[in-house]
Amino acid sequence: MAHLLMVESWVGSMSRLLPRAIREGGHEFTFLTRDLHHYLGTAPEGVRHPLLSARHVLTADTNDAGLLLPFAERAHASLRFDGVITSCDYYLPVAAGIATRLNLPGPDPAAVENACRKDLTRQVLAEAGVPGPRFAVCRDHAEAVRAARETGLPLVLKPVDLCAGMFVRRVDDETGLAEAHRALMDFPVNARGQARAPVVLLEEFLHGPEVSVETVTFAGRTEVVGVTDKSTGGAPAFVETGHMFPAALSDEDDRAARETAVRAVEALGLDAVVAHTEIKLTPDGPRVVEVNPRPAGNRITELVRHVTGIDLAAACVNVALGRAPDLRPLATGLHSAAIAFLVPGAGGVLEGVDGADEVGEAADVLELSVAQPGTRVGVASSNNEYLGHVMAGDADGPGARAGAEALLARLRPQVVNR
């Protein structure tokens, strides 16, 4: 039995999947957080949150590395950890730093920082010759206007240090650029109380379908588990509306996406990580959108498990312990699995979701989740505002996406203004 230190967590599916993988691996963990209340409200009513299955819960300022590293050393001297783990992007660099400080397995903190900061990712990959969009890092609006004029519109404006598509916007003119830049600058602190970098990333708008490549890197070798497709909506935002695994691609596109993702992971110097690399398949070839040095969110890890039997959460636990992950596929009876998200189109208060009982009884449903009545609803501008999802599988071919979307169409959210 190993003992892991978990430094913070996302409040979504990974806050359940990682504790489950730790427990099923025969291990235990200590949970380290600056604010336990951030998590307690996310458990279903009457159910103990999986994070509370921790052997210990420690409280410290996880946003202050200068204080956190000595605190972790003292905790390690008393509790003895075998690895350090987190699912939350905002704490990936500090978790890697703790592992290094404690002489435990883990990735290079500088490599993780370069992957988590989108501007640094762009610079590292460009220097390594890994294909990506033309880009500019801008310190103020005037600099952004100059860069936009040089690069040409349309562009994509991004924060360099946020997640879930927050404040990522397509910009078609200078008025839109000013509005997108102002909105981002009015959000100086993220949801975890961390001050944001006061810069924006402008990128060439890339045409073509987007996919993600799920990989595991251990002992210097990157293995591709598979390629997932993505659909988006909510323009000018980029809200993920669904995914299917495996992506229905030609052999050529599949191979190009895999090779590009491996090049990106290697260029960043990432090791001992499960990664989720997003790639646009443009007419000019694959282009890296971003590299996330953690398992995919939005239930993609579960799509992979339903089809291949490979548990990427368990792989994340194993590489954190310095152990080779088991990536052997198993027969699951499914050829494809897909998820479709219920995205709000109007603001108000959710009274209920009609059709949920019937959809939940459909034969090909793998998972159904809908928000509770009384939920305050806003028009979705990121991946944080779903009203639920439906996951479906196809035993015979790549029909899971069509199945999930057909089931989603039967869900009718009742939102009222009040």
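Keep in mind it's a predicted model, so treat the numbers as computed, not measured. (Residues numbered from 1 in each chain as written. Predicted model: local features only at pLDDT ≥ 70, side-chain atom pairs only at ≥ 80, totals over all residues. Heavy atoms only, no water.)

1. Concerning the packing of helix α4 (residues 92-101) against helix α5 (residues 109-116)
(1) Moving on: Where α4 contacts α5, the axes come no closer than 8 Å and their chain directions differ by 175 degrees. Put simply, α4 runs roughly antiparallel to α5. Contact residues: α4 offers Leu92, Pro93, Ala96, Gly97 and Thr100, while α5 offers Pro109, Val112, Glu113 and Cys116. (Axes fitted to C-alpha atoms, helices over the stretch in contact; angles between N-to-C directions. Helix = DSSP H or I, 4+ residues; strand = E, 2+ residues; numbered from the N terminus. Parallel < 35°, antiparallel > 145°, perpendicular 65-115°, else oblique. Contact = heavy atoms within 4.5 Å.)

2. Thoughts on the UniProt feature "domain: ATP-grasp" (unreviewed entry) in the protein
(1) Moving on: In this structure's numbering, the residues bearing the UniProt feature "domain: ATP-grasp" (unreviewed entry) are residues 122-321.
(2) Moving on: The distance separating the terminal C-alpha atoms of residues 122-321 is 30 Å; by composition the span is 33% helix and 32% strand. (UniProt positions renumbered as here; feature names shortened; annotations may be inferred.)

3. Considering the packing of aromatic side chains
(1) Moving on: Summed over all chains, the structure comprises four aromatic pairs.
(2) Moving on: When the centroid spacing of 5.6 Å and the interplanar angle of 65 degrees are considered together, the rings of Trp10 and Tyr90 count as edge-to-face. Placement of the pair is Trp10 in the loop between β1 (3-7) and α1 (14-24) and Tyr90 in the loop between β4 (83-85) and α4, with a sequence separation of 80 residues.
(3) Moving on: Taking the relative accessible area as the measure of exposure, Trp10 reaches 25% and is therefore partly exposed.
(4) Moving on: Relative to Tyr39, the ring of Phe31 lies with its centre 5.1 Å away and its plane at 80 degrees, an arrangement referred to as edge-to-face.
(5) Moving on: Overall, Tyr39 belongs to the buried group, its relative accessible area being 1%.
(6) Moving on: The residue whose ring lies beneath Arg170 is Phe205, and the NZ or CZ to ring-centre distance is 4.4 Å. (Phe/Tyr/Trp six-rings, centres within 6.5 Å; stacked < 30°, edge-to-face > 60°. Buried < 20%, exposed > 50% of the residue type's maximum accessible area, 1.4 Å probe, protein only. Lys NZ or Arg CZ within 6 Å of the ring centre and 35° of its normal.)

4. Here's the deal with the pattern of salt bridges
(1) Moving on: Counted according to the given criterion, the structure contains 26 salt bridges.
(2) Moving on: With a closest N to O distance of 3.8 Å, Arg20 and Glu302 form a salt bridge. Here Arg20, found in helix α1, pairs with Glu302, found in helix α10 (residues 300-308); they are 282 residues apart in sequence, far enough to count as distant. Both residues of the pair, Arg20 and Glu302, count as buried.
(3) Moving on: Linking Arg139 and Glu143 is a salt bridge whose minimum nitrogen-to-oxygen distance equals 3.6 Å.
(4) Moving on: You can call Arg139 exposed: its relative accessible area is 61%.
(5) Moving on: Note on Glu143: relative accessible area 16%, which makes it buried.
(6) Moving on: Through salt bridges with shared partners, a single ionic network connects Arg20, Glu24, Glu302, Arg305 and Asp311. (Salt bridge = Lys/Arg side-chain N within 4 Å of Asp/Glu carboxyl O.)

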